[in-house]
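Coordinates in review
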Amino acid sequence: MNVTYHGHSVVHIEANGKSILIDPFITGNGNTDLNAENVNPDVILLTHGHGDHVGDTIDIAKRSGSFVVAPFELAAYLGQQGLETHPLGIGGGYTFDFGRVSLTQAFHSSSYTEENGNIVYTGMPAGIIFEAEGKTIYHMGDTGLFSDMKMIGERSNIDLLFVPIGDNFTMGPIDAAKAVEWIKPEYVVPVHYNTFPTINQDGDAFIESISPVKGRAVEPGGSIQL
């Protein structure tokens, strides 16, 4: 399985012959190597409704026919925009032909701001556990630290963890290191940092702080093989 980090919280997975994109915030993201017009995933997975996570989902899905999996209210809203969606609830999961997607809780907020400035509530934010080809990826989405991360680590053997470290809106490096300690993943990649001045962090210093757990501060466009 090939997994590529594209800046902020954007992650691309190639699994079971499918192209899967998580939280495709591309347009307006100065920390990505992608061009939204050239992205054609089979599937889009969303953690919550904020613009820096939904990103280009509507335009990409309408152009490419991408199938969107998202928390219930967000899936319902995107369905109203003409997208093909599958809703999930926190604690629930579904096995698709490309892999199994389950949602964990995340302590954050979730809303989508329309072009006219109207703010639409999009339900509970979530983390994503993705299982395919015998591997398990946990994309934590945007979240603060919560003690049930211990249970998530006990119930799932996480091969690759994408953990937010930016602070201000999510966990900072200290809480993110505690999350790694509780979840016990095989490999860690920090996300949701250095996109805006308010979330600037040193990714390499974070990786050093979680030793002996293995990980890497991946530059946009960098890949991990599982």
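Here we summarise the structure given alongside this text. None of these values were measured; they are calculated from a predicted model.

Summarising burial for strand S13 (residues 160-164): 5 of the 5 residues are buried, a large majority. Going residue by residue along S13, you find Leu160, Phe162 and Pro164 tucked away on one face and Leu161 and Val163 tucked away on the opposite face as well. Two strands pair when backbone bridges link them, and strand S12 (residues 135-139) and S13 are joined in this way by 3 bridges, in the parallel orientation. Its bridge partner being in S13, His139 is matched across the sheet by Phe162. Taken together, S12, helix H4 (residues 149-155) and S13 form a β-α-β motif whose crossover is right-handed. Where S13 meets strand S14 (residues 187-191), 5 bridges bridge the pair, whose relative direction is parallel. Its bridge partner lying in S14, Leu160 is registered against Tyr187. In this region the chain leaves S13, passes through helix H5 (residues 173-183) and returns to the parallel neighbour S14; the handedness of that crossover is right-handed.

Moving on, we get to helix H3 (residues 72-80). Turning to H3, its buried residues number three or more, namely Leu74, Ala75, Tyr77 and Leu78. For H3, the buried positions fall inside an angular range of 160 degrees around the axis, keeping them on one side. Along H3, the residues that are exposed and aim more than 90 degrees away from the buried face are Phe72 and Gln80. Against the buried residues of H3 lie helix H1 (51-54), helix H2 (57-64), strand S5 (67-71), strand S6 (84-88), strand S9 (111-113) and strand S10 (119-121). Remark: Gly82 follows H3 within two positions and exhibits a positive phi of approximately 95 degrees.

Before going further, it helps to spend a moment on the environment of Asp33. You can see Asp33 is positioned in the loop between strand S3 (18-22) and strand S4 (43-45). Assessed through its relative accessible area of 42%, Asp33 is described here as partly exposed. For Asp33, the contacting residues outside a window of four places in its chain are His6, Pro220 and Gly221. Among the polar contacts made by the side chain of Asp33, one reaches the main-chain amide nitrogen of Gly221 at a distance of 3.4 Å.

Moving on to the packing of aromatic side chains. All told, the structure shown has 7 aromatic pairs when counted by the stated rule. Where Phe25 meets Phe196, the ring centres are 6.5 Å apart and the plane angle is 40 degrees; that geometry is what we call tilted. Residue Phe25 is found in the loop between S3 and S4, and its partner Phe196 is found in the loop between S14 and helix H6 (203-209); the two are separated by 171 residues along the sequence. With a centroid separation of 4.9 Å and 10 degrees between ring planes, the pair formed by Phe96 and Phe98 is classed as stacked. Residues Phe96 and Phe98 agree in their burial class; the two are buried.

Cut-offs used in this document
Residues numbered from 1 in each chain as written. Predicted model: local features only at pLDDT ≥ 70, side-chain atom pairs only at ≥ 80, totals over all residues. Heavy atoms only, no water. Buried < 20%, exposed > 50% of the residue type's maximum accessible area, 1.4 Å probe, protein only. Helix = DSSP H or I, 4+ residues; strand = E, 2+ residues; numbered from the N terminus. Pairing = 2+ DSSP bridges. Right-handed = clockwise from strand over helix to strand, strands pointing away. Arc of directions from axis to C-beta. Contact = heavy atoms within 4.5 Å. Polar contact = N/O pair within 3.5 Å; in protein donor to acceptor, adjacent residues only side chain to side chain. Phe/Tyr/Trp six-rings, centres within 6.5 Å; stacked < 30°, edge-to-face > 60°.

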